[in-house]
Structures are given as C-alpha cells and as structure tokens.
Amino acid sequence: MSVTYLIKDARILGGDPADILVRDGVIAEIGRGLDAAGAQVVRADGLIALPGLVDLHTHLREPGREDAETVESGTKAAAMGGYTAVHAMANTDPVADTAGVVEQVWRLGREAGYCDVQPVGAVTRGIAGEQLAELGAMADSAAQVRVFSDDGHCVSDAVIMRRALEYVKAFDGVIAQHAQEPRLTEGAQMNEGEVSARLGLPGWPAVAEEAIIARDVLLAEHVGSRVHVCHVSTAGSVEIIRWAKSRGCRVTAEVTPHHLLLDDTRAETYDPIYKVNPPLRTADDVTALRHALADGTIDCVATDHAPHPVEAKETEWAEAAMGMIGLETALPVVQEAMVDTGLLDWAGVADRMAFRPARIGRLSGQGRPLAAGSPANITLYDPAPRRPVDPTAMTSKSRNTPYLGLELPGRIVATFLRGRATVLEGKLQ
C-alpha cells in the first residue's frame, strides 16, 4: 500500500510556498493550506521543490566492475543526489552491445528500485569502433534503448558514424558521441596549454574535441538524424554547436558539473583526482560553458559519474584512471556555478537537469512539470547550508570526488520516485 505524503510550504521551482499532495504515485493536488487525513506530512519550509533530476550520463560499472560501483550502489547515490532517473553507459564488461546485456542492466535497476535505470547501448561491437552493434535488437528489447554511445571511446570512423545515425532514425534514436579525435590525443594526460607545458604533461588539444563535433553535426544534418554531444569542454565546441543549431541541425549537448566549476590549474598538484576525460580546460572555457548552459546552446547538465576503486586513483598521474564521481554533488555544484552567480534561476535548473535530459533520452515518465496528474518524481532541496565535501559520507562505493575539502552549498532533503520516498530528511530510505 502506497504512502500518501503532504509536502507543506515547498517553493516550487523557487517560487512562492505551496503544498503538494502526493497520492498513489502521482501529484494529486497543489495549493495553499491543503489537508489530507492520514497523510504523512513533510515539512518543506524554505526548500526548493524540483522535478526529480535526470542524468543522461552515468557509469554504474555493472556488469564487470562491481568493485567500483554496482547498479544498486550507484542508484542509491543517484537518489541521494536528487535523481529519479539515470542513463547507464555501455562501457561495462561485457559491453552493453546486445539486447541481453542492456536487459540485464535494466532489470537490475528495477530490482534496486532507487531510481529508473535506462541503459545506453553501445554504437559498435565491443565499443571497438569497427562494426555496428545490435542497435535494432537493443531498441526492441525490454529496455527500449533509444540512446547509443561508445562513451570512453570516440566513434572516429566517419562511415561507421554515418551508418549509425542512419540506422537509429527508424526508431527515433540518438547517437551520443564522445568527441575525441584519437590520433590527436595519443598519450594525452591533460588539457594542452600553458599549464601542461609548465608541468611537462602531454597535452590534449581542444581541436581534438571540436573537429569531431564539427564532423558529426554535418553528418547528422546530411542524414536528418539526431546527435548528442557528451561532456562538452571547450569554448570552440560551444561555438560549433551554436552554429549547428542556427542551421537547424538536430544536435543536443551536455556539460558536466566539474567542467562548470574546475579548470586545468587543478592539475598543478599532480593529484590524479583531477584527471578526467575530457580534461579540465582553462578558466576561459569554464566561463564559456557556463554562459552556453545559461543561453541554451548546451542543453543540459550530465554528471559523467565515473567511479573508480582507490588503487586506480592513488597512483602516479600517468598511470591513474580518468574520471570523477558526481551524482551526489551535481546539484550543489550547479547552484555554486550557475544559480549563485545569477546565470540560472531554479526554473532554469529544472529545465537543464530534468526536463531537457528526459526529452533527449526519450523518458516519457520523467522530467514532467510539478503539476496535478504528473508522476510524483520530486526533489526537495535546501540551498542554504554550506559545508565541506566529505567523500567518506558519500553513498557511492567509490570516493574519487574532485571536491574533497571544497565547501559547496545546499543539500538534498528528500527524493520521491513515483510517490515513494527514496530519501527523507537527507537519509536513504
């Protein structure tokens, strides 16, 4: 039997206080002074009510790397971050390139129950970039895959990319590209620029990202298909995407929280916690990304949550794995980088972290307005407190956060998935 909740005095999208009555998995009513016999009351004075957040880019590591994360632990972390849906990337072991593997991940998500898990299928077999994977079979599977990506690897062959874009048109799919020209980034360790030259670390030029994006938006335009650009990191990429949208190309793009807040000077410590793919860029790039997210050139925020065991990060820079966790800190980072700077209001946050990613990922039951009749996917967020980030207090199995010791604003107070509390009073249920 489902619990009826009466959320009192929440500021919906940062607006005036209102009550939200949640019954039978949906929002039954919104108004002032609501009452409901037998309802569990949730006091939300001063809290921001947002639609449940949706992440287009999450690495849950299962199957194959359960030492770093599992579907269960990753979705618990997602719930603690205010998420009600995540897209699980395909670079698992085995790779999610068949109907069988994506259905396994989808079922694991349903069994865990902390948020919806929508598998992302690989574009090519084994993410090797040579032959198309079973795109149609994954689309027709129980998982109903609509987003395909070789993330971690670029689909660098233009012919393969064109064929993939053509293939997914049949079921309104999207190819999500990890834009990295491999020949230009062989051995690259960080952003190519003044800092890499000073540190003596092999550089990753911005053009390696920008060249692939330019090619792919033209290919998408040519075949009339949809392409999504993962983890945009350079000012030049922003300009290419802006130009492509002005031409009517069907392109969308995401930016990670860490690319909105951190720049390449972090590498001066030689701490591999800051080693990530694509690399942290310059302060000018950070500024360009923030403004592109604000004006809608970049459609959404995606975490690229990339958990690693301790031994993969606590080593010398050249040998360390690339990636950072981000599900539990995404909303505080967006508040710090976008809301507290005046670039976005809370309605804009809902758009970039719930509405748009749900549309891009074709999740019909997620990213819906907080209105009567909508599924009760709700996040209650307190923007007021500030506290240092403590990795040991996180829910993820991994601890590779780049925000260790940084003071960030806000905390998730409650998360509701179709009317069921997955987080209450800041605690996992």
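Trainee: Kindly report on the overall build of the protein chain, identifying the contributing residues and their values.
Mentor: If you tally the helices and strands in the protein chain, you get 12 helices and 19 strands. Computed over C-alpha atoms, the radius of gyration of the protein chain comes to 21 Å, within 12% of the 22 Å expected from 2.2 N^0.38 for 429 residues, which places it in the range of a compact globule. Each of the three principal axes of the protein chain carries a C-alpha extent, and together these read 65 × 45 × 45 Å. Considering only residue pairs separated by 6 or more positions, the protein chain has 74% of its internal contacts joining residues 24 or more positions apart.

Trainee: Quick rundown of the pairing of strand E2 (residues 17-23)? Include the residues and the values.
Mentor: The buried fraction of E2 amounts to 5 of the 7 residues, a majority that puts the element mostly inside the structure. Linking two consecutive strands that pair antiparallel, namely strand E1 (residues 5-12) and E2, is a turn of 4 residues; a positive phi of about 50 degrees is found at leucine 13 within it. Here 5 bridges tie E2 to strand E3 (residues 26-31), and the two strands are oriented antiparallel to one another. Counterpart to arginine 23 in the pairing with E3 is valine 26. Connecting E2 to the antiparallel partner E3 that follows it, the hairpin turn spans 2 residues, and aspartate 24 within it adopts a positive phi of roughly 55 degrees.

Trainee: Talk me through the side chain of threonine 84; I want residue IDs and the actual numbers.
Mentor: As for its position among the elements, threonine 84 is in strand E7 (residues 83-88). Excluding its chain neighbours within four sequence positions, the residues that come into contact with threonine 84 are Gly52, Leu53, Cys115, Asp116, Gln366, Asn377, Thr415, Phe416 and Leu417.

Trainee: Now, about the sheet that holds strand E15 (residues 300-301): what can you tell me, with residues and values included?
Mentor: Across the sheet, which stays open at both edges, the 5 strands sit in the order E9-E10-E13-E14-E15 with parallel pairing between neighbours. Every other strand in the sheet has two partners, leaving strand E9 (147-148) and E15 as the edge strands with one partner each. The pairing of E9 with strand E10 (residues 174-177) spans 2 bridges and is parallel. When the bridges of E10 are listed, phenylalanine 148 appears paired with isoleucine 175. Docked against the sheet, helix H4 (residues 158-168) engages E9, E10 and strand E13 (227-229), running at close to 145 degrees with respect to E10. In the packing of helix H6 (residues 206-223) onto the sheet, contacts are made with E10, E13 and strand E14 (251-255), and the angle to E13 comes to roughly 160 degrees.

Trainee: Outline the side chain of asparagine 377, supporting the account with residue identities and numerical values.
Mentor: Inspection of the secondary structure puts asparagine 377 in the loop between helix H12 (346-360) and strand E16 (378-388). Residues contacting asparagine 377, with those up to four places away along its chain left out, are Leu50, Pro51, Gly52, Thr84, Gly365, Gln366, Leu370, Phe416, Leu417 and Arg418.

Trainee: Explain the pairing of E1 to me, using residue names and the numbers behind them.
Mentor: Burial analysis of E1 places 7 of its 8 residues in the buried class, which makes it a mostly covered element. In terms of strand pairing, E1 meets strand E4 (residues 40-43) through 4 bridges, oriented parallel. In the strand pairing of E4, tyrosine 5 is matched with glutamine 40. As defined by bridge partners, E1 adjoins E2 across 5 bridges and the pair is classed as antiparallel.

Trainee: Before we move on, could you go through the pattern of salt bridges and cite the residues and values that matter?
Mentor: Throughout the structure, instances matching the rule amount to 24 salt bridges. Where lysine 76 meets glutamate 72, a salt bridge forms, and the shortest distance between an N and an O atom there is 3.4 Å. Here lysine 76 pairs with glutamate 72, and both are found in helix H1 (residues 71-80), just 4 residues apart, close to one helical turn. By relative accessible area, which is 22% here, lysine 76 ends up partly exposed. One salt bridge in this structure joins aspartate 216 and arginine 215, with 2.8 Å as the shortest N-O distance. Per residue, the accessibility class of aspartate 216 equals that of arginine 215, and both read buried.

Trainee: Before we move on, can you summarise the packing of aromatic side chains with the specific residues and values?
Mentor: Taken as a whole and judged by the stated rule, the model has 4 aromatic pairs. Taken together, a centroid distance of 5.1 Å and an interplanar angle of 65 degrees make the contact between tyrosine 5 and phenylalanine 416 edge-to-face. With tyrosine 5 in strand E1 and phenylalanine 416 in strand E17 (residues 407-417), this residue pair connects regions lying 411 residues apart in the sequence. What makes tyrosine 5 buried here is its relative accessible area of 6%. Aromatic rings pair up to connect Phe148, Tyr167 and Phe171 into one cluster.

Trainee: Outline the sheet that holds strand E8 (residues 116-119), listing residues and values.
Mentor: Strand order in the open sheet formed by 3 strands is E6-E7-E8, and the pairing between neighbours is parallel. Single-partner strands in this sheet number two, and they are strand E6 (53-58) and E8. The average undirected angle you get between the axes of adjacent strands in this sheet is 20 degrees. Bridge count between E6 and E7: 4 bridges; the pairing is parallel. Residue pairing in the sheet places valine 54 in a bridge with alanine 85 of E7. Lying on the sheet, H12 is in contact with E6 and E7; it crosses E6 at an angle near 55 degrees.

Trainee: Before we move on, could you go through empty space enclosed by the protein and cite the residues and values that matter?
Mentor: Regions of empty space are outlined by a rolling probe, equal in size to a water molecule, passed over the atoms. Counted according to the given criterion, the structure contains 3 cavities of 30 Å³ or more. Taken as a whole, the largest cavity encloses approximately 60 Å³ of empty space. What lines the largest cavity is a set of 13 residues, and nearest its centre among them are Met190, Ala267, Tyr274, Leu280 and Trp317. Of the residues assigned to the lining of the largest cavity, the class counts are 7 nonpolar, 2 polar and 4 charged.

Trainee: For helix H9 (residues 283-295), give the residues involved together with the corresponding values.
Mentor: Here H9 contains 13 residues, and its C-alpha end-to-end distance of 19 Å stays within 8% of the 18 Å for a straight helix at 1.5 Å per residue. Turning to H9, its buried residues are Asp285, Val286, Leu289, Arg290, Ala292 and Leu293. Along the axis of H9, the buried residues cluster in a sector spanning 165 degrees; they form a single face. With its phi angle positive at about 90 degrees, glycine 296 sits one or two positions after the end of H9.

About the thresholds
- Residues numbered from 1 in each chain as written.
- Predicted model: local features only at pLDDT ≥ 70, side-chain atom pairs only at ≥ 80, totals over all residues.
- Heavy atoms only, no water.
- Helix = DSSP H or I, 4+ residues; strand = E, 2+ residues; numbered from the N terminus.
- Rg over C-alpha atoms; globule rule 2.2 N^0.38 Å.
- Contact = heavy atoms within 4.5 Å.
- Buried < 20%, exposed > 50% of the residue type's maximum accessible area, 1.4 Å probe, protein only.
- Pairing = 2+ DSSP bridges.
- Axes fitted to C-alpha atoms, helices over the stretch in contact; angles between N-to-C directions.
- Salt bridge = Lys/Arg side-chain N within 4 Å of Asp/Glu carboxyl O.
- Phe/Tyr/Trp six-rings, centres within 6.5 Å; stacked < 30°, edge-to-face > 60°.
- 1 Å grid on protein atoms, 1.4 Å probe; cavity = no way out; pocket = protein on both sides within 12 Å on 5 of 7 lines; lining within 4 Å.
- Points joined across faces, edges and corners; volume = space filled by probe spheres on them.
- Nonpolar A, V, L, I, M, F, W, Y, C, P; charged D, E, K, R; others polar.
- Expected span 1.5 Å × (residues − 1).
- Arc of directions from axis to C-beta.

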